[in-house]
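Each chain, letter by letter, is given below.
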Amino acid sequence: MEGTEADVGASGGFKDATMGRHIARRLVEIGVTDIFTVPGDFNLTLLDHLIAEPRLKNIGCCNELNAGYAADGYARSRGAAACVVTFTVGGLSVINAIAGAYSENLPVICIAGGPNSNDFGTNRILHHTIGIPDFSQELRCFQTVTCYQAVVSHLEDAHEQIDRAISTALKESKPVYISISCNLPGIPHPTFIRDPIPFSLVERTSNSSELAAAVEAAATFLGNAVKPILVGGPKLRVAKAMQAFVELADASGYALSVMPSGKGMVPETHEHFIGTYWGAVGTSFCGEIVESADAYLFAGPIFNDYSSVGYSLLLKKEKAVIVQPDRVVIGNGSAFGGVLMKDFLEELAKVITKNTTAYENYHRIFVPDGQPNPPEPNEPLRVNILFQHIQKMLTENTAVLAETGDSWFNCQKLKLPEGCGYEFQMQYGSIGWSVGALLGYAQSIPDKRVIACIGDGSFQVTAQDVTTMIRNEQKSVIFLINNGGYTIEVEIHDGPYNLIKNWNYTGVVEAFNNEDGKLWTAKVKCEEELIEAITTATGEKEDHLCFIEVIVHKDDTSKELLEWGSRVCSANSRPPNPQKALILPETTEDDDRDSSFLSVDEDESDYNDDTFEAEEVQHEEVQHEDVQHD
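Reading guide: rules and limits
Residues numbered from 1 in each chain as written. Predicted model: local features only at pLDDT ≥ 70, side-chain atom pairs only at ≥ 80, totals over all residues. Heavy atoms only, no water. UniProt positions renumbered as here; feature names shortened; annotations may be inferred. Helix = DSSP H or I, 4+ residues; strand = E, 2+ residues; numbered from the N terminus. Expected span 1.5 Å × (residues − 1). Buried < 20%, exposed > 50% of the residue type's maximum accessible area, 1.4 Å probe, protein only. Arc of directions from axis to C-beta. Contact = heavy atoms within 4.5 Å. Pairing = 2+ DSSP bridges. Right-handed = clockwise from strand over helix to strand, strands pointing away. Axes fitted to C-alpha atoms, helices over the stretch in contact; angles between N-to-C directions. Parallel < 35°, antiparallel > 145°, perpendicular 65-115°, else oblique. Left-handed = near helix turned anticlockwise from the far one by under 90°. Nonpolar A, V, L, I, M, F, W, Y, C, P; charged D, E, K, R; others polar.

In the annotation of an unreviewed UniProt entry, the entry for the protein reads pyruvate decarboxylase, and the organism field reads Deinandra increscens subsp. villosa. In its Catalytic activity (unreviewed entry) section, UniProt records this for the protein: "a 2-oxocarboxylate + H(+) = an aldehyde + CO2". We quote the UniProt Sequence similarities (unreviewed entry) comment for the protein here in full: "Belongs to the TPP enzyme family."

An α-helical turn contains 3.6 residues, so a residue and the one three or four places further along point in the same direction. Over its 16 residues, helix α8 (residues 208-223) extends 22 Å from the first C-alpha to the last, a length consistent with the 22 Å expected when each residue adds 1.5 Å. Among all positions of α8, only Leu 211, Ala 214, Val 215, Ala 218, Ala 219 and Leu 222 are buried. With its buried residues spanning 125 degrees around the axis, α8 presents them on a single face. The inward-facing, buried residues of α8 contact β11 (296-299), β12 (320-324), β13 (327-330), β14 (335-337) and α12 (341-351).

Moving on: the environment of Glu 156. With respect to the helices and strands, Glu 156 occurs in the loop between β5 (149-152) and α7 (158-172). The sequence separation of Glu 156 and His 189 amounts to 33 residues, and the corresponding C-alpha distance is 8.2 Å.

The phi torsion at Glu 473 lies on the positive side, around 55 degrees, for a residue other than glycine. Within the secondary structure, Glu 473 sits in the loop between α18 (466-471) and β18 (477-482). Accessibility expressed as a relative area gives 65% for Glu 473, which makes it exposed. Although it is not a glycine, Glu 515 sits at a positive phi angle of roughly 55 degrees. Structurally, Glu 515 is set in the loop between α20 (505-513) and β19 (519-524).

Across its 12 residues, helix α21 (residues 527-538) extends 16 Å between first and last C-alpha, which sits within 8% of the 16 Å expected from 1.5 Å per residue. Buried within α21 are the following residues: Glu 527, Leu 530, Ala 533, Ile 534, Thr 536 and Ala 537. On its buried face, α21 is in contact with α14 (383-393), β17 (449-455), β18, β19 and β20 (545-551).

Let's shift gears to the pairing of strand β2 (residues 57-60). For strand β1 (residues 34-37) and β2, the ladder comprises four bridges, and the chain directions are parallel. Looking at the pairing, Phe 36 lines up with Ile 59 of β2. As for the winding sense of the linkage, the β-α-β connection from β1 through helix α3 (residues 44-51) to β2 is right-handed.

Moving on to the packing of α8 against α12. Relative placement of two packed helices is described by the angle separating their axes and the distance separating the axes. Two numbers describe how α8 lies on α12: the axes approach to 9 Å, and their chain directions differ by 50 degrees. In terms of their interaxial angle, α8 and α12 are classed as oblique. Seen along the crossing, α8 lies across α12 with a hand that is right-handed. Of the residues in α12, those in contact with Leu 211, Ala 214, Val 215, Ala 218, Ala 219 and Leu 222 of α8 are Asp 343, Phe 344, Glu 347, Leu 348 and Val 351. Class assignment of the residues belonging to the contact of α8 with α12 gives a composition of nine nonpolar, no polar and two charged.

The strand order β2-β1-β3-β4-β6-β5 describes an open sheet built from six strands, whose pairing is parallel. Edge strands, defined here as strands with exactly one partner in the open sheet, are β2 and β5. Averaged over all pairs of adjacent strands, the angle between strand axes in this sheet comes to 20 degrees, irrespective of strand direction. Contacts from helix α4 (residues 64-78) reach β1, β3 (81-85) and β4 (108-114) within the one sheet, and its direction differs from that of β3 by about 165 degrees.

Next up, the structure:
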């Protein structure tokens, strides 16, 4: 149903019935109250009408990449986010962040101001292009990293295209791309009624017979095991199954763990929680319990070279129940499609046989982690001492954000209190993600204080938007770990390219502040200075953005990074298989095997076809459904 011109007048004036105001109201409707923007001549009119919506706040960013990263961080908490950029120069700058959001299943709505509608098909050459009259370059680039694309160059169908794009982002939990011709946002049109009809998205449901069969098969499979366990993965979020997974853990009594990219999605205060399963670099004793189990249920896993520690996990397909957002695979046997993860876990919890054997085994062999050697007075600060003190900062009113690098491993070892958030980007692993993501994540959860651990190399990529945090009066605590380079790359493959020019980091952010905001900085070199800085940041300066530069030795890393780096290096440096180097084989029916377990040839690896070694080929997680209106 579409409004008429009379409806518009009755609801508050035809002047408000514009495309720009319609987009703004739709964003607010889905929970987005902040938009991350970089102005350009093709989006200025659109921005005028977006910020005219009183419930929508404009967060102006220093560059498009950070605007995209901010939207990524925001969507992790709010369930959706939006960024606005200009045509091509802005779009191709933000696209790296959108690709990361795609990999993390985040519904980010990327809106680009586009050419004047009169310029399409005229063979004219425009600025902000590569100098050809074809305006589709930006669109074609976004087609590979978004689930839906809309080019809005006519008012008549703009309402339908915009609503379909936003609803598709929500249903598929992936980014979408919307291009808006620069001359259209401010033109009133009857379809843009002031109070748009609310979205009514069709709820997806499981196939009841497939669900029942999957639950029965899984219950039998797990019931026949002696020491089964549960492992949560990152797709618990996109499947909206985190609570259902906890209910299954409660009902089953199984030992409970998470994959590294699932940290924060399962309460670590659960009585049967045993830590992070990350092969040789996970929580002590967790890997031994998981890999010695005779059955394991993985809910929403991603097995890639990073999460499998260079394809070295000791897991067997015939022991596994793999639960993806809409599919269940049991051992070497049946696969059940059309089964939603949330429904499956809830139903399985009702019939599962309780078995605490694996947790009891863990409890028997568990030895508490040791404490780092206490430092001498004014001894140069060590990373393990730093994280010992960060652990003490964590409460239900905090959240942790970890940058790509050694912070991945050190933050994995933090024990999260109930209600403490945790975010990092593992699948895409884009160095520099954390600064923009911190901006968006902190903006989305103003009642929590975010503690960010960022390496110096990563910070240099995207540092500018610390100024945006100051401008928006955020109160995060940033630990800038200054060890002189790209440490994670050093441990994979060292070379002079991993060294960076050292900055005066506290001086840089003070320059960003320019004595015009609530910023407090400190530079620490020993434990005594660290304790004093944390005391000030959590006390007198708790309402400030606190930036603490921590100077550590260039070779001071976690033992986990040393192990992980060597294994990833080994995986990266495997020589070509001579049988495959000459010609690419054609796909045949013989190749049609379960793609959850892609093998490495026996002469390249100690692990065979029965071993977990790679992420499944992504199948379509959500089918397109028509948008319905009340």
